[in-house]
Amino acid sequence: LTVRVVTIDTTRMIKEEREVSIEYRVYALDAPTGDDLPNFPLVTEFDESSSSSFDTTIDSIPQPLLVDLHYDQTHWLQRFRPNKKTNDSSSSDVLSLLKHQTQLGDLILKNKTERKTKKGVYAHGGTSNGLHIVQPIKSTLYFIEGGSGCTQTLQIGDTITTMVQADDVHGTGKLDLVVATSSGQIFTMESDAVPYHPLNVWNTGDVRSRMNAHAQGYSSSQGIFVHDISRQYRDVLGMVVPITFEIFDVRPAPSSPSSSGNNTKTRSYDVEIRDGTSPKRVLFSKKYTQPGVYTEKMYVRYGPGYYALTVRLTTANGIVYDDVFHIGHNIKHMEGLSWMLFLPLVLAAFPLLCFQKKVSWDDEDDDGKNMNGGGGGGRGVGILGVRDGE
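For the structure given in this document, a descriptive report is provided here. Residue numbers restart at each chain and count upward from 1, following the sequence in its written direction. The model is predicted, so local features are restricted to residues of pLDDT at least 70 and side-chain atom pairs to those at 80 or more, both for listing and for counting; the totals for chains, interfaces and linings are taken over all residues. Only heavy atoms go into the side-chain values, all of them from the structure, while hydrogens and water stay out.

**Concerning the pattern of salt bridges**
Quick reminder of the rule: Within this document, salt bridges are pairs made up of a side-chain nitrogen of Lys or Arg and a carboxyl oxygen of Asp or Glu, the two lying within 4 Å of each other. A run of DSSP states H or I qualifies as a helix once it reaches four residues; a run of E qualifies as a strand once it reaches two. Both are numbered from the N-terminal end. Only protein chains enter the area calculation, which uses a 1.4 Å probe; residues under 20% of their type maximum are buried, those over 50% are exposed, and those in between are partly exposed.
Tallying each qualifying case throughout the model produces 6 salt bridges. The salt bridge involving Arg231 is made with Asp323; its shortest N-O contact spans 2.7 Å. Here Asp323 lies in strand β18 (residues 320-329) and Arg231 lies in helix α3 (residues 228-231), a separation of 92 residues in the sequence. For the pair shown, Arg231 and Asp323 are each scored as buried. Linking Asp249 and Arg251 is a salt bridge whose minimum nitrogen-to-oxygen distance equals 2.7 Å. One connected set of salt bridges, linked through shared partners, spans Asp249, Arg251 and Arg267.

Printed below as a string of structure tokens:
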């Protein structure tokens, strides 16, 4: 099972010469049995040489971040779709997202002197599948690979007081870490190899979502996320906005109805698309009975503007999952109106601009004869057809 319970234990030991050594232990427990996972607990030590000025109160330790920092994350797709092939057309959108980002990381890493594993794959983030634990302790960040227990540290230079956040801050398609310190500084650590995926973010404080506490997206038993084709920022021109999202559920399939007609528990997924998070601004609502990839069209009735859309899933047990993305709706609608006014004028003027009267020399000769006396009204002929002097 994926690590879900992480506990930090602080033990103080008094040594000779009044030196204080603080020991921090990171525990990872198996949820069904409560046993320690392999390679846990992990122990780190901090030595304080001046015990007289050392504060004996135990400082609060920020909550650890659960995130996948591996270079290749395509194995999670097998967990979402255990009965489908990786080249299935229904999963092509997510596959293209992860594999394309993985290839981008590959191109960058080829220019670096970084080791390869025996299989010939760059081991960015480690070689074991699963999640990482990012634990801030004092001014140090600990990056722990859950599957192997491999630990790396990074000194920030200032005390980290809050939980580390993860999201694509710079819009590069890669995952970034956001670190805040006690002096008010905020650091963003960019990654050139870890792909971004909406299930691998943690950007709402100590909880991953507003209603579902600490369920990490990849390790969750069910959830919802918007596909890359819809979550990329764009200006949608028109009355409706198409949204492609996926509902996944890795729990065992419910039992079929009995012969007596008494139906057992069935799956139910209530999906809402809101403008923001307010229940008063629901743009789309529908109930589904099966997980899968769906494309729906919703009507935005609040006029042109920038929208932060929340796709919200509520299960039959009342558990809530959500995903947030941003779009523009008819931001450049005046361009459409200008074309509506300008295009008819162009179409109407086009025949007039293209029409030209053909002129021949024969017509000019006939006009000359008429002017020289070939008919009434020529030169020397009066108004009544009588020549001058007659």
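More follows now that the structure is in view.
**Details of the nonpolar core**
What counts, and what does not: We define a nonpolar core as any set of buried Ala, Val, Leu, Ile, Met, Phe, Trp, Tyr and Cys residues linked to one another through side-chain atoms lying within 4.5 Å. Whether two residues are in contact is decided by their heavy atoms: any pair within 4.5 Å suffices.
Grouped together as the largest cluster of nonpolar side chains are 22 residues, with contacts concentrated most on Ile224, Ile243, Ile247, Val271, Met298 and Leu309. Elements that contribute at least two residues to this core include exactly β11 (222-226), β13 (240-249), β14 (269-275), β15 (282-288), β17 (305-315) and β18. Those residues in contact with Leu309 that sit more than four places away from it in its chain are Ile273, Arg274, Asp275, Leu283, Met298, Asp323, Val324, Phe325 and Ile327.

**Concerning the pairing of β14**
To be explicit about the condition: Here a strand pair is declared whenever DSSP counts at least two bridges between the two strands.
Where burial is concerned, most of β14 is hidden: 5 out of the 7 residues are buried. Looking at chain direction, β14 and β15 are connected through 6 bridges and run antiparallel. Bridge assignment links Tyr269 to a residue of β15, and that residue is Tyr288. The turn joining β14 and β15, which pair antiparallel and follow one another in sequence, is formed by 6 residues; a positive phi near 80° is taken by Gly276. Pairing between β14 and β17: 7 bridges, direction antiparallel. Each residue of the ladder has a partner; that of Tyr269, found in β17, is Thr315.

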